[in-house]
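Okay, here's what each chain looks like letter by letter:
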Amino acid sequence: MERLTSEMERLQWRRDKVQELSSKGHSQREIAKILQVGLGSVNRDLTFIRLQAKNNIKKYIDERLH
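Residues numbered from 1 in each chain as written. Predicted model: local features only at pLDDT ≥ 70, side-chain atom pairs only at ≥ 80, totals over all residues. Heavy atoms only, no water.

Draft legend 1. Representation of the side chain of Ser 41. For Ser 41, the position within the fold is in helix 3 (residues 39-65). For Ser 41, a relative accessible area of 15% puts it in the buried group. Within polar-contact distance, the side chain of Ser 41 engages the side chain of Arg 44 at 3.4 Å. (Helix = DSSP H or I, 4+ residues; strand = E, 2+ residues; numbered from the N terminus. Buried < 20%, exposed > 50% of the residue type's maximum accessible area, 1.4 Å probe, protein only. Polar contact = N/O pair within 3.5 Å; in protein donor to acceptor, adjacent residues only side chain to side chain.)

Structure (structure tokens):
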């Protein structure tokens, strides 16, 4: 269980860094190089981040309209 928590923390750290670097204008290739991860990982992280943002916006709108 402790190992799973550690892996989840590393994944969240990486996603936070991907989001930060992307918001600063870095390309996916640059982010992958900076973080020393595969381009596919960066792509999946950005897809996850976008989906999470979309869901947060939808939830906010639903709460405001009801």
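Draft legend 2. The pattern of salt bridges, seen in detail. In this structure the tally under the stated criterion is 6 salt bridges. Between Arg 3 and Glu 7 there is a salt bridge; the shortest N-O distance is 3.3 Å. One end of the pair, Arg 3, and the other, Glu 7, are both in helix 1 (residues 2-23), 4 residues apart, so they sit about a helical turn from each other. The closest approach of N and O atoms between Arg 15 and Asp 45, which form a salt bridge, is 3.5 Å. Here the residue Arg 15 occupies a position in helix 1, and Asp 45 occupies one in helix 3, the gap between them amounting to 30 residues. (Salt bridge = Lys/Arg side-chain N within 4 Å of Asp/Glu carboxyl O.)

Draft legend 3. Region of interest: the side chain of Asp 45. The class for Asp 45 is buried, based on a relative accessible area of 2%. Engagement of the side chain of Asp 45 in a polar contact is seen with the side chain of Arg 14, the distance being 2.6 Å. Asp 45 has contacts with Leu 11, Arg 14, Arg 15 and Val 18, leaving out every residue within four places of it along the chain. (Contact = heavy atoms within 4.5 Å.)

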